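# Observations on the model geometry
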Amino acid sequence: MKILLLLRPFRNLAIFAVLLSACLNSPLHAQSVAVMVNGEPITTFDIEQRSRLIQISTHKAPTRQQVIDELIDEKVKIKEAKKYGVNPTSSDIDQAYASMGARMRMSPDQLTKSLASQGVRPDTIKARLKADLVWGSLVRGRFKDSLLVSDRDVNEALKVSGGDQSKTEGFEYQMRPVVLIVPRGAAASVMEARRKEAESLRERVQSCADAAQLFKAMRNATIRDTVVKTSADLPPPLRDLLDKTPVGHLTPPEVTRQGVEMVAVCEKKVTSVDTPKKKEIREKMFAAKYEKKSKDYLDDIRKSAMIEYRQGGPGKKGE
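Residues numbered from 1 in each chain as written. Predicted model: local features only at pLDDT ≥ 70, side-chain atom pairs only at ≥ 80, totals over all residues. Heavy atoms only, no water.

### Observations regarding the overall build of the protein chain
Which entries qualify depends on this criterion: By the criteria applied, helices consist of DSSP H or I runs no shorter than four residues and strands consist of E runs no shorter than two, each listed in order from the N terminus. Type-normalised accessible area, obtained with a 1.4 Å probe on protein chains alone, sets the label of each residue: buried when under 20%, exposed when over 50%, and partly exposed for intermediate values. The contact rule is simple, with two residues in contact once any of their heavy atoms fall within 4.5 Å. Using a 1.4 Å probe, accessible areas were evaluated by the Shrake-Rupley method; residue-level cover was limited to the displayed protein chains.
The helix and strand tally for the protein chain stands at 13 helices and eight strands. Burial statistics for the protein chain: of 319 residues in total, 32% are counted as buried. By sequence separation, contacts in the protein chain at least 24 residues apart represent 72% of the contacts at least 6 residues apart. Only carbon and sulfur atoms are counted for the fraction: they give 55% of the accessible area of the protein chain, which is about 20,100 Å².

See below:
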């Protein structure tokens, strides 16, 4: 019995040694804490990952402190947003991730593989997306009234900017999209035949009523409901195309995935309420207001944040 009692501490010590060895060799041990922000850690692994992401996106190597500051800002933003109930779900983040991939013409899986090939985990970019989502919603929600750009401000800026007066005017268009359907995988000759058919139909259509009657009676063709858009809603190439097309006529045929598409211009009238120039000025003024409000707000909440550098930083608490 005495021998067993004597051996028990050594047996426990051996178990402890095994556990300690496992901890020292685990990935978590490698993620030593560099900074604590309101009780939440920023690890050396976080810093390494974000550095790679920034270098990939900007093609410039950031300093370590620049990366730490960005990560601190995100922690502070997310905590502040939670106070006001702004907390996106994982599906919201996944959707933002998928949208980013779509803009790069990649599926989420392809984006993940592309990041992995450059040593970046998807969680790294999702953390940044989350911070951007919550902060944009919070700033726009809390300071909605002060961010508004009045028509008076826009008109004043319009007078100051001067320039071509024609660019300050716009049109409101009433249109009916038309599609001559071509099955996917059809031979190029089939698509070309439908394009020539569309050109001949353009000569027959003199009004939207003609277009509706003609295309509703055709097989493998459709005419959609009326769409109303202003110049400010449309990209410049489409806007120029509509301006050149007389009312009641069809725009030139365009080959798309669905087949051959045209637009019947039913009506267009001058409007000064919403023009491309005014929209451009309004967006610039809003962006300037948003950037200032965002910076001031972040500066305020960061001052009250508990920031403790553990290693590789200024070595102080708070800021």
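### A short note on the environment of glutamate 48
Take glutamate 48: it is sitting in helix α3 (residues 44-58). Residue glutamate 48 is classed as partly exposed on the basis of its relative accessible area, which comes to 35%. Sequence separation between glutamate 48 and isoleucine 68 is 20 residues; the distance between their C-alpha atoms is 9.9 Å.

### Brief notes about the nonpolar core
Soluble globular proteins tend to pack their nonpolar side chains together in the buried interior. Inclusion rule: In these notes, a set of buried Ala, Val, Leu, Ile, Met, Phe, Trp, Tyr and Cys residues joined through side-chain atoms within 4.5 Å is what counts as a nonpolar core.
Counting residues in hydrophobic clusters, the biggest one holds 27 residues, and the most contacted among them are Val35, Ile72 and Trp135. Mapped by element, the contributors of at least two residues to this core are β1 (33-37), α3, α4 (64-83), α7 (122-142), α13 (276-303) and β8 (307-309). In terms of residues, this core owes the most to one element, α4, which gives seven residues. Ranked by size, the runner-up nonpolar core spans 19 residues in total, among them Val178, Val205, Ala211 and Leu214.

### Overview of the environment of leucine 115
Note that leucine 115 resides in helix α6 (residues 108-117). Leucine 115 gets classed as buried once you look at its relative accessible area, which sits at 6%. Counting along the chain gives 62 residues from leucine 115 to leucine 53, while the straight-line C-alpha distance between them is 8.5 Å. Here leucine 115 is in contact with Tyr97, Val120, Pro122 and Ile125, once residues within four sequence places are set aside.

### Concerning the confidence of the model for the protein chain
Let me state the cut-off plainly: Values of pLDDT, which run from 0 to 100, indicate the predictor's confidence residue by residue.
Looking at the protein chain as a whole, its pLDDT mean stands at 85, while 84% of the residues score no less than 70. Mean pLDDT values over the elements of the protein chain span from 39, in helix α1 (residues 2-25), up to 96, in α4. The model gives residues 1-29 a pLDDT under 50, and that stretch makes two contacts with residues more than four places away or in other chains. Note on residues 315-319: pLDDT under 50 across the span, and 12 contacts to partners over four residues away in sequence or across chains.

### Notes on the pattern of salt bridges
The test is simple: Salt bridges are defined by distance alone: a side-chain nitrogen of Lys or Arg within 4 Å of a carboxyl oxygen of Asp or Glu.
Scanning the model with the defined rule gives 19 salt bridges in all. Of the charged contacts, one joins arginine 302 and aspartate 69 as a salt bridge, the two residues approaching to 3.0 Å between their closest N and O atoms. Here aspartate 69 lies in helix α4 and arginine 302 lies in helix α13, a separation of 233 residues in the sequence. What makes arginine 302 buried here is its relative accessible area of 12%. Since its relative accessible area comes to 26%, aspartate 69 is described here as partly exposed. Through salt bridges with shared partners, a single ionic network connects Arg50, Glu70, Glu74 and Arg128.

### A look at helix α11 (residues 208-217)
Within α11, the full set of buried residues consists of Cys208, Ala211, Ala212, Leu214 and Phe215. Taken together, the buried residues of α11 touch β3 (170-181), α10 (188-204), β4 (221-223) and β7 (259-271).

### Regarding the state of the cysteines
Here a disulfide denotes one covalent bond, and it connects the sulfur atoms of two cysteines. We apply this condition: We call a pair of cysteine sulfur atoms a disulfide when they lie within 2.5 Å.
Throughout the structure, instances matching the rule amount to one disulfide. Residue pairing for cysteine 208: its cysteine sulfur links by disulfide to cysteine 266, the two sulfurs lying 1.9 Å apart. Classification of the bridge connecting cysteine 208 and cysteine 266 rests on its S-S torsion, roughly -100°, and on that basis the disulfide is left-handed. Here cysteine 266 lies in strand β7 and cysteine 208 lies in helix α11, a separation of 58 residues in the sequence. Take cysteine 266: its relative accessible area is 23%, and that puts it in the partly exposed class.

### Description of the packing of aromatic side chains
Our working definition: Centres within 6.5 Å make a pair out of two Phe, Tyr or Trp rings, where for Trp the six-membered ring is used; the pair is then stacked when the planes are under 30 degrees apart, edge-to-face when over 60, and tilted otherwise. Any Lys NZ or Arg CZ found within 6 Å of a ring centre and within 35 degrees of that ring's normal is scored as a charge over the ring.
All chains considered together, the criterion is met by four aromatic pairs. Arranged with centres 5.0 Å apart and planes meeting at 25°, the rings of tryptophan 135 and tyrosine 297 form a pair that is stacked. Placement of the pair is tryptophan 135 in helix α7 and tyrosine 297 in helix α13, with a sequence separation of 162 residues. There is no split in this pair, since tryptophan 135 and tyrosine 297 are both buried. Aromatic pair phenylalanine 171 and tyrosine 173: ring centres 6.1 Å apart, planes at 40°, arrangement tilted. Counting every residue linked through ring pairs, the aromatic cluster contains Trp135, Phe143 and Tyr297. When the ring centre of tyrosine 290 is taken as origin, the NZ or CZ atom of arginine 140, which lies over that ring, is 4.7 Å away.

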